[in-house]
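# Per-entry structural report
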Amino acid sequence: MSVKKICSFCVSDWHFVTMLMPNIGKKIENEKVVMLLENEMTQIKNKFLEKIVLDEKLKNQMEKMNWEKTICKYEKIDEKISKNIKKNINVIVYGSQEYIDKMNKTIEKWISKNKGEFENINIINAYEAMELNNNLDFILEKHDKILNTSGEKNIEDIFQGYRKNYLNID
């Protein structure tokens, strides 16, 4: 079993949707994609899908995804992740640093209770960039990769001169 944490930084809800859609499109057919959102995103997703030309099958799959606000309770997370569980799971968490931290603790609890039910889980934490202040290094230390509009990258490739300290940060 493998758990990989990926971080991303968004300046707005629209930026989140436009940056994430290509990544979701690549994964949605063969892997489970779960959205855990601090804010309601259904209207933005609908407007985005109206404006972009996509394969009809992919568009339908994205429309079926739950883009509603998610309450940070174990029962809700268990329900969302456990539905039609697949070998590979992508959990996308979007919101403030406080929301993401709470959700990650709940996801870690779910992982510990469901070992053996899946092979790989990618946790993509998409932070609201305007809220970060001086916490960037702390956030980068807790993640394995970074996701931006060009895809999943090594953190060092995006932030020139950055070197991971490999501190045990909880």
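### Quick word on the overall build of the protein
Regarding its fold elements, the protein presents seven helices and six strands. The globule rule puts the C-alpha radius of gyration for 170 residues at 15 Å, and the 16 Å found for the protein is close to it. Each principal axis of the C-alpha atoms in the protein carries an extent, and together these give about 45 × 35 × 25 Å. Look at the contacts in the protein between residues 6 or more apart in sequence, and 77% of them connect residues 24 or more apart. Put simply, the protein shows about 9600 Å² of open surface, and 45% of that area lies on carbon and sulfur atoms. Taking the average place of the 28 positive charges on the side chains of the protein and the average place of its 27 negative ones, the gap between the two points comes to 3 Å.

### Let's talk about the confidence of the model for the protein
Per-residue pLDDT for the protein has a mean of 85; in total, 94% of the residues score no lower than 70. Predicted confidence in the protein is weakest over helix 3 (residues 56-64), with a mean pLDDT of 81, and strongest over helix 5 (residues 97-113), with 94.

### Quick look at the sheet that holds strand 6 (residues 151-153)
One open sheet holds the six strands; their spatial order is 2-3-4-1-5-6, and the pairing between them is mixed. Only two strands of the sheet have a single neighbouring strand rather than two, namely strand 2 (32-37) and strand 6. On average, adjacent strands in this sheet sit at an angle of 25 degrees to one another, irrespective of strand direction. Of the pairings in the sheet, the one linking strand 3 (residues 88-95) to strand 4 (residues 120-128) comprises eight bridges and is parallel in character. Residue pairing in the sheet places I92 in a bridge with I124 of strand 4.

### Concerning the pairing of strand 4
The buried fraction of strand 4 is high, at seven of nine residues. Strand direction decides the pairing type here: strand 1 (residues 2-10) and strand 4, joined by nine bridges, are parallel. Bridging across to strand 4, K4 finds its partner in N122. With helix 5 bridging strand 3 and its parallel neighbour strand 4, the resulting β-α-β unit is right-handed.

### Observations concerning helix 4 (residues 74-82)
Along an α-helix, residues three or four apart share an orientation, since each turn contains 3.6 residues. Restricting attention to buried positions, one finds in helix 4 the residues Y74, I77, K80 and I81. Seen along its axis, helix 4 keeps its buried residues to an arc of 135 degrees; they face one direction. Next to the buried residues of helix 4 lie strand 2, strand 3 and helix 5.

### So, the packing of helix 4 against helix 5
Packing of helix 4 against helix 5 leaves a shortest axis separation of 10 Å and a crossing angle of 60 degrees. In this view, helix 4 runs oblique relative to helix 5, as classed from their interaxial angle. Considering the relative orientation of helix 4 and helix 5, their crossing is right-handed. Of helix 5, the residues touching helix 4 (which contributes Y74, I77, D78, I81 and S82) are M103, T106, I107, K109, W110 and K113. Residue classes in the contact of helix 4 with helix 5 are distributed as six nonpolar, two polar and three charged.

Rules and cut-offs
- Residues numbered from 1 in each chain as written.
- Predicted model: local features only at pLDDT ≥ 70, side-chain atom pairs only at ≥ 80, totals over all residues.
- Heavy atoms only, no water.
- Helix = DSSP H or I, 4+ residues; strand = E, 2+ residues; numbered from the N terminus.
- Rg over C-alpha atoms; globule rule 2.2 N^0.38 Å.
- Contact = heavy atoms within 4.5 Å.
- Areas by Shrake-Rupley, 256 points an atom, 1.4 Å probe, with all protein chains shown as cover.
- Lys, Arg positive; Asp, Glu negative; His and termini not counted.
- Charge placed at Lys NZ, Arg CZ, Asp CG, Glu CD.
- pLDDT = per-residue confidence, 0-100.
- Pairing = 2+ DSSP bridges.
- Axes fitted to C-alpha atoms, helices over the stretch in contact; angles between N-to-C directions.
- Buried < 20%, exposed > 50% of the residue type's maximum accessible area, 1.4 Å probe, protein only.
- Right-handed = clockwise from strand over helix to strand, strands pointing away.
- Arc of directions from axis to C-beta.
- Parallel < 35°, antiparallel > 145°, perpendicular 65-115°, else oblique.
- Left-handed = near helix turned anticlockwise from the far one by under 90°.
- Nonpolar A, V, L, I, M, F, W, Y, C, P; charged D, E, K, R; others polar.

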